[in-house]
Amino acid sequence: PGTTTIPLQDFQSNIDSIMGEGWLQQATEAGLVEVIEGEGPNGESGSWAGDRIRLYTGSMPKDGSPAGVLLHEGKHVTFEDVLGNSLPEYVKDLHTLADNGNKVAQDAITHAAIAVADVLGIKHNLLEGGTKADLKNLRALIEQERPGLLAEEELAYFVQYGTDAQTGTGFWKRLINQIKA
């Protein structure tokens with residue numbers, strides 16, 4: 001994958017194209033989002049700073065977008081709050097998309113499992129060509145250790161990847177509209 005630098009004007013245009021004209025400036029002025037020109041301290045594209053989202057123009061994913069990173073980081077404060085009791089229904093819909101062959105949904109579920117397992121220190125073989133059974137077993141281990149965490153990460157990666165691919169658009173738009181509301 002790798003990272004790239006995105007000029008500030010393109011950065012703002014990309015986010016505003018998803019969130020609405022002028023959204024990034026309003027969010028910045030309100031202290032909800034901080035855009036930092038340059039790379040993240042650890043090479044990250046974005047982070048949650050406890051009270052605001054930080055986005056780094058110098059370390060955006062080459063195959064991603066600022067809006068995708070914003071929405072991924074935004075999940076740290078919104079999915080459970082915004083989706084509430086409907087969170088399991090959204091996760092079920094995501095898995096239905098994946099089961100029906102949607103590559104973005106499949107990638108989001110796999111990437112979420114890898115990322116969460118790595119954070120929790122759970123060993124896995126998914127980067128070395130693990131099977132669907134390996135993924136299923138890893139997901140079960142994660143859910144046992146940190147119930148609910150995987151669901152939020154799966155949705156966050158789908159929002160991030162879906163922003164870039166515009167796939168599963170009906171589900172993606174429903175999820176984005178709920179986040180924006």
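The rules we used
Residues numbered from 1 in each chain as written. Predicted model: local features only at pLDDT ≥ 70, side-chain atom pairs only at ≥ 80, totals over all residues. Heavy atoms only, no water. Axes fitted to C-alpha atoms, helices over the stretch in contact; angles between N-to-C directions. Helix = DSSP H or I, 4+ residues; strand = E, 2+ residues; numbered from the N terminus. Parallel < 35°, antiparallel > 145°, perpendicular 65-115°, else oblique. Left-handed = near helix turned anticlockwise from the far one by under 90°. Contact = heavy atoms within 4.5 Å. Nonpolar A, V, L, I, M, F, W, Y, C, P; charged D, E, K, R; others polar. Salt bridge = Lys/Arg side-chain N within 4 Å of Asp/Glu carboxyl O. Pairing = 2+ DSSP bridges.

**Student:** Looking at this structure, I do not really get the packing of helix H4 (residues 87–99) against helix H5 (residues 103–120). What am I missing?
**Tutor:** For any two helices packed against each other, the geometry is given by the interaxial angle and the distance between the axes. Viewed as axis vectors pointing N to C, H4 and H5 meet at an angle of 120°, and their least axial separation amounts to 7 Å. Judged on the interaxial angle alone, H5 and H4 are oblique. You can see that H4 and H5 cross each other, and the crossing is left-handed. Counted together, Leu94, His95, Leu97 and Ala98 of H4 and Ala105, Gln106 and Ile109 of H5 form the full contact between these two elements. Here the residues of the contact of H4 with H5 are counted per class, giving five nonpolar, two polar and no charged.

**Student:** Would you mind showing me how to read the pattern of salt bridges here?
**Tutor:** For the structure on display, the rule yields four salt bridges. The structure contains a network of salt bridges with shared partners spanning Glu34, Arg52 and Arg54.

**Student:** It is not clear to me how the sheet that holds strand S2 (residues 33–36) should be interpreted in this structure. Could you clarify?
**Tutor:** Strands pair in a sheet through their backbones, by hydrogen bonds, and they do so in one of two ways: parallel or antiparallel. The sheet built from three strands is open, its strands ordered S2-S4-S3 with mixed pairing. Each edge of the open sheet is held by one strand with a lone partner, namely S2 and strand S3 (46–48). On average, each strand axis in the sheet is inclined to that of its neighbour by 15°, with strand direction left out of account. Bridge analysis of S3 against strand S4 (residues 53–56) gives three bridges, and the strand direction is antiparallel. Across the sheet, residue Gly46 finds its bridge partner in S4, namely Leu55.

**Student:** Got a minute to help me understand the environment of Glu73 in this structure?
**Tutor:** Along the chain, Glu73 falls in helix H3 (residues 66–83). Separated by 19 residues in sequence, Glu73 and Arg54 place their C-alpha atoms 8.3 Å apart. With near-sequence residues (within four places) excluded, Glu73 lies in contact with Gly46, Ser47, Trp48 and Ile53.

**Student:** Is there a simple way to think about the side chain of His72 in this case?
**Tutor:** With respect to the helices and strands, the residue His72 is situated in helix H3. Look past the residues within four positions of His72 in its chain and what remains in contact with it is Glu153, Ala156, Tyr157 and Gln160.

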